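In case you want the letters, here they are:
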Amino acid sequence: MDIFDSKSGGFTIMSGKTDVHGGFGQGVLDLSAVSSVIIDGDKAYIDMGALHAKSAVEKGIKWTTNKEEVPNGKPYWVVWVTVDRNESGPYYAGVTACYMEIDREARRGYKILADHVNRMDYSMKRRIMVSELNDTEKAALKKLLMEHNPTMWENSSEELKQALA
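With that settled, consider the pattern of salt bridges. Pairing of side chains with opposite charge becomes possible as their charged atoms draw close. All told, the structure shown has 10 salt bridges when counted by the stated rule. In this structure, the salt-bridge partner of Lys 43 is Asp 42, at a minimum N-O distance of 3.7 Å. By relative accessible area, which is 54% here, Asp 42 ends up exposed. Of the charged contacts in the structure, one is a salt bridge between Glu 58 and Lys 111, with a shortest N-O distance of 2.8 Å. Of this pair, Glu 58 sits in the loop between β2 (43–46) and β3 (62–64) while Lys 111 sits in the loop between β6 (108–110) and α1 (113–124), and the two are 53 residues apart along the sequence.

A probe as big as a water molecule, rolled over the atoms, marks out the empty space that is left. For the second largest pocket, the calculated volume is near 160 Å³. What lines the second largest pocket is simply Ala 50, Leu 51, His 52, Ala 53, Glu 58, Trp 80, Lys 111, Leu 113, His 116, Val 117 and Met 120. Counting residues per element, the lining of the second largest pocket draws most heavily on α1, at four residues. Considered class by class, the residues forming the lining of the second largest pocket number seven nonpolar, two polar and two charged.

So, how was this worked out
- Residues numbered from 1 in each chain as written.
- Predicted model: local features only at pLDDT ≥ 70, side-chain atom pairs only at ≥ 80, totals over all residues.
- Heavy atoms only, no water.
- Salt bridge = Lys/Arg side-chain N within 4 Å of Asp/Glu carboxyl O.
- Buried < 20%, exposed > 50% of the residue type's maximum accessible area, 1.4 Å probe, protein only.
- Helix = DSSP H or I, 4+ residues; strand = E, 2+ residues; numbered from the N terminus.
- 1 Å grid on protein atoms, 1.4 Å probe; cavity = no way out; pocket = protein on both sides within 12 Å on 5 of 7 lines; lining within 4 Å.
- Points joined across faces, edges and corners; volume = space filled by probe spheres on them.
- Nonpolar A, V, L, I, M, F, W, Y, C, P; charged D, E, K, R; others polar.

Put into structure tokens, the structure is as follows:
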């Protein structure tokens, strides 16, 4: 799989851009190395819509920062996965998880948007932050990352592998 190929499906995460310059758009975040994964219980799947809060589970939801307004919410996690390339090749460089609860029937959801934005930034800064996931959720994420691209998993840091062990 060519990680620079945006038509390959799955992790469409690295741009082939090599020319970086100032001017219009300078200082704008480049999300080309970031993908979003949704964890739903014991399942993890790539949903690039989450980059703009438009994943399949987030569509049509009215959000609140008050957890009590979503008493029948189902827990979900958005995981920001940033890839990079080192001397061994491509690898999962930053992996951070953000919590949310969604009541599909009531079309209400709880999340802290600032936390989602900050965690995406932390992922882009190559941090590993998955300690809040339970063992089932960690196993689902690990399985997805390993199966999606075994080489990227092998090239990834021991910190990530230990965090998902």
